[in-house]
Each structure stands twice: as structure tokens, then as C-alpha cells.
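Secondary and tertiary structure notes
Residue-level listing of the chains:
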Amino acid sequence: MAAARANADGNLDLLTANETAGNVSIRVGNGAGGFGGTTNVAVGRRPRALAAADVDGDGDMDFVVGNTADATVSVRLNNGTGTFNAPPDVTVNGGAVELSLGDVDGDGDLDLLTSHNDNELSIRYNDGTGTFRGLSKLASSNGSFGSVLAEMNNDGRTDVVVGQSALSKIGVVLGGGDGNFIIQGAGLQNDTGAGGYFQTGNLGGTGVGGALGLLLAKHLPMPGAAGIILGVSCLACCLALFAFKDQTTTIRTERIGETYRALVADVWAIISTKSGGLALLLCFLPLGTGAASGLWSAIATDWQAGAGTVTLVTGVLGGLVSAVGCLAGGWICDRVSPRYAYLLFGLTAAACLVGMAYAPRVEAMFIAGTLAYALANGLCYAGFTALTLEAIGKGAAVTKYNLFASLSNSPAYLLTYILGFAYARLGAGGMLNTEAAFAVGAVAFFLLLQRVVYRNKIPHWRKQTTEPAEAALLTVPVSGYE
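This section reports on the structure supplied with the text. (Residues numbered from 1 in each chain as written. Predicted model: local features only at pLDDT ≥ 70, side-chain atom pairs only at ≥ 80, totals over all residues. Heavy atoms only, no water.)

1. Side note on the nonpolar core
- One finds Trp296, Phe366 and Leu432 to be the most contacted residues of the largest nonpolar core, which totals 56 residues.
- Breaking this core down by element, the ones donating at least two residues are α4 (274-284), α5 (296-299), α6 (307-314), α7 (316-333), α8 (338-357), α9 (363-392) and α10 (397-453).
- Of all the elements, α10 adds the most residues to this core, at 13 residues.
- Discounting chain neighbours no more than four positions away, the residues touching tryptophan 296 are Thr314, Leu353, Met356, Phe366, Thr370, Tyr373 and Leu432.
- Ala53, Val55, Val73 and Leu99 belong to the second-largest nonpolar core, a separate cluster that totals 14 residues. (Core = buried A, V, L, I, M, F, W, Y, C linked by side-chain atoms within 4.5 Å. Buried < 20%, exposed > 50% of the residue type's maximum accessible area, 1.4 Å probe, protein only. Helix = DSSP H or I, 4+ residues; strand = E, 2+ residues; numbered from the N terminus. Contact = heavy atoms within 4.5 Å.)

2. As for the pairing of strand β2 (residues 13-18)
- Across three bridges, the pairing between strand β1 (residues 2-4) and β2 is antiparallel. Counterpart to alanine 2 in the pairing with β2 is leucine 15.
- Summarising the sheet, β2 and strand β3 (residues 23-29) pair through five bridges and their orientation is antiparallel. Its bridge partner lying in β3, leucine 15 is registered against isoleucine 26.
- From the end of β2 to the start of β3, which pair antiparallel, there are four residues, and glycine 22 there has a positive phi angle of about 70°. (Pairing = 2+ DSSP bridges.)

3. Regarding the packing of aromatic side chains
- In the structure shown here, the tally under the stated rule is five aromatic pairs.
- Measuring from ring centre to ring centre gives 6.3 Å for tryptophan 296 and phenylalanine 366, while their planes differ by 85°; the resulting arrangement is edge-to-face. Placement of tryptophan 296 in helix α5 and of phenylalanine 366 in helix α9 is noted, with a sequence separation of 70 residues between them. In terms of burial, tryptophan 296 and phenylalanine 366 fall into one category: buried.
- A network of ring pairs unites the aromatic residues Trp296, Trp303, Phe366 and Tyr373 as a single cluster.
- Taking the ring centre of tryptophan 303 as reference, the NZ or CZ of arginine 361 above it sits at 4.4 Å. (Phe/Tyr/Trp six-rings, centres within 6.5 Å; stacked < 30°, edge-to-face > 60°. Lys NZ or Arg CZ within 6 Å of the ring centre and 35° of its normal.)

Encoded structure:
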């Protein structure tokens, strides 16, 4: 049951879910502790969990109720007079044992948390009109029984408190303020820093491997020997995969059609949330693209740099420096929100370009500028991978990551073409300033859009983390099923 003001008389009314009747009764309060007439509002089958709040932002009290027999949540919107409209029910996994409303993504709207019989919590995000979209799943082992959204650690962000009936304990899931959560004790580890290691192999391996290939091709007498050696080396790297255990897929079924439908639903569940949608937008912005890296040989003569210098800074030395940037970027993204880290890294790359554009046109400045840009480029690649890993969650992780990564190639290719155009008309300095200007504009546009999306309640820049020693579940013992 719930107590709330269902009409405009200012008195608290009483709402009760009637499990056998399939409706919610609203008893009108008289302001003196008594209740008058009763109105029954039809919902789904076997309604149980009930919460009342203004979910569509019109100032009236609405309510949501979990229907255990239908595996749905009914949302009933108050029209201001105490009667309720009935939009389509929200489908959930399993019966909604308990539910709660709270702002988990920092946009000012009340989102929906449901706990189920399958030891799982799920969150659906309010678009501001009382329509709940997207889906985030939080595993809660040992029998989740009852859950509530509340601020538990005084950081201004909504957290999840869940009862664990099998352990007779209460668990706490800390919120990040942007729709993401740090699940303590659920066996999850911070994975955004993995982007640094991944991109270290990508950028560092490209630079060092390319230099090695040139060296082998130059000194080995047998034609094709360099290619054979590099091919065998790449194949040997794959041997490390045998040390990893395959992860159980969450969307694959025996029928390929159902698998693809589940895949599309999983991808849509990510990009339809505010956090996932903004992460997808970053893929299309001309930020951290590394586009200038492909044009160093074309502008090297402006700094009086020879072919050997260009080979060095774009090959083994540039690869090693970018690898350092990747490792540093991964480390930073484990401590700062990857979204903000990526924006900062993009501005760092822009600053390197501007500095190089106005530096003396000598070979030493060419080396310093290109290596500084390689370092910043490593930061950017690690930051992009980190924010992608944070956004995609579980499910079809490989498909979702490659979707984001492939889309991010679009601005890189476009910007490379624009830079070539700028070089032909503005010279080398104008080309570098052009990329920097695109980066600054992209950051400004994103921050403005984020402020609009989150209604000025911007997610915190600092990332919530847990030290390894604190990875145990934050729990409070209770007696029985309290």
C-alpha cells in the first residue's frame, strides 16, 4: 500500500493493491484520519508491489504497481482530478516482487527499480513523461527480497538497497549519478581501465610492429620472409586466448531469429538510455580521432624533417609513446568518469596541435610536437574504449563494442579529408588549428547537450570506485526476512 495525495483536496489518500481483484483501490482521505469513497483502478494480474509519485512531471500523484502473474509493471498517470490514464504496461523479467522510484541517472525524473524472483534487479529510465525506456540489470545473488532507492553515502547520488533473504542480510549498491552502478560483492570488477591495455596493444603494436616489418624487409634476403615472421608472431599472440575462460552468453538461443531479436533489443536497451545515447553521440564527434597522425609525412618538410625522422616518430618511437598514453589513460579512467576523461584527453590533443602550429619550424619541434600528439592520442583511444565499456554493460558486449568502435571511424575519415583540404588552402599551421578547433567545438557541443539532457543536474566527474580490499558486499545482518 501507499499514502499519497491522489486528488486536489490536499489530504492524504490511501492506495492498496488488490492481488486477487487485479486492481488498485484508492480511498479518499478526509484529513482527519478517516477515508471516504473508494475508486478502483484496473491494473495487471496479481498486483503486489506499489509505489506512488509524480512520474510524468505534471505535479499530480501517479502510481506504479508490479503485476507478478503478468511479469509487467502498470503505470497509471493522474489527470489531476483523481482519475488515471493507462499507458501500455512495462514488461519486466519475472514477477516484480518489489519496486521503487528514484532518480538514478541524474536527469530529475523518477526511474523505476524492480526486484524479481530470479535474483535480479532491473532499472528502467524515465524519459520525463512517465514512459520508462531502456534497461540496466543488476545481479543480486542469494535471493533478492525487497529493494529501495535512496542516498546511502551522502554523495548526492541515488543508491540501491536490496534485501537478501538467503543470507538474512541487506546489500548496498552504490550509484554513480549517471545511471551506472558499482556493484560491491557481486563479483564485478572495474573494467574501464582495460581500455588502456587494449589500446596499448593496438597503437603500440601498430607502431612497433610496422617498424619491425620495415627492418626485416630491408635486411632479410628471402622475399616474403618479413611477412611470414610477422604473421607467425601475430598468430602466436592468439595463444593467450587459451588462458581465458569463455563467458556465458546472455542472449544466444537455439533459434537464430530469436538470438538476433534479443541482440537488437539488447543494443536498443543501451542506446535508448541517456548515458548510452550520449556515449553513442561521442562516437560521431570529431574528438580524439588522431586524424593528423596520417598526415605527418605530408607536412614534415614544413619543419625541415627528413624521411628518417618521419619514420622514427610515426613508427617505433611514436608507437611506444602512444602506448604510454594508453596505459596512463586507462589508469585515469579508473579514477575519473571516462566520459569526462575522454573530453579532457581530446582537449589535450588539441592543445598539442595548437602548440605545434605556432612552434618554430625546425626538426626538433616536429619531433616534440608529433610525440606529444602521439601521447595524447593514446590517452584519447584509452578514454574512448573506457567510456564504451562503461556504456555497453553486459549482454552482447562484443557486438556493442564493435558497433561503437566502427561508428567512431566515421569522424576520423571525414576529418582526415577536411584536414587535407585545410592544408592545401591554409598551410600546415592552418591544418593543425583546424583539427584543434573541431575538437574544442565538439567538447562544447557535448557539454551543452549533456546539460540539456540531464536538466542541469550533471553527473559527477569523479568515478565511483572500490578498492580490492573493499570488494566484499556492503551488508547489514538482519533477523530472518525483515
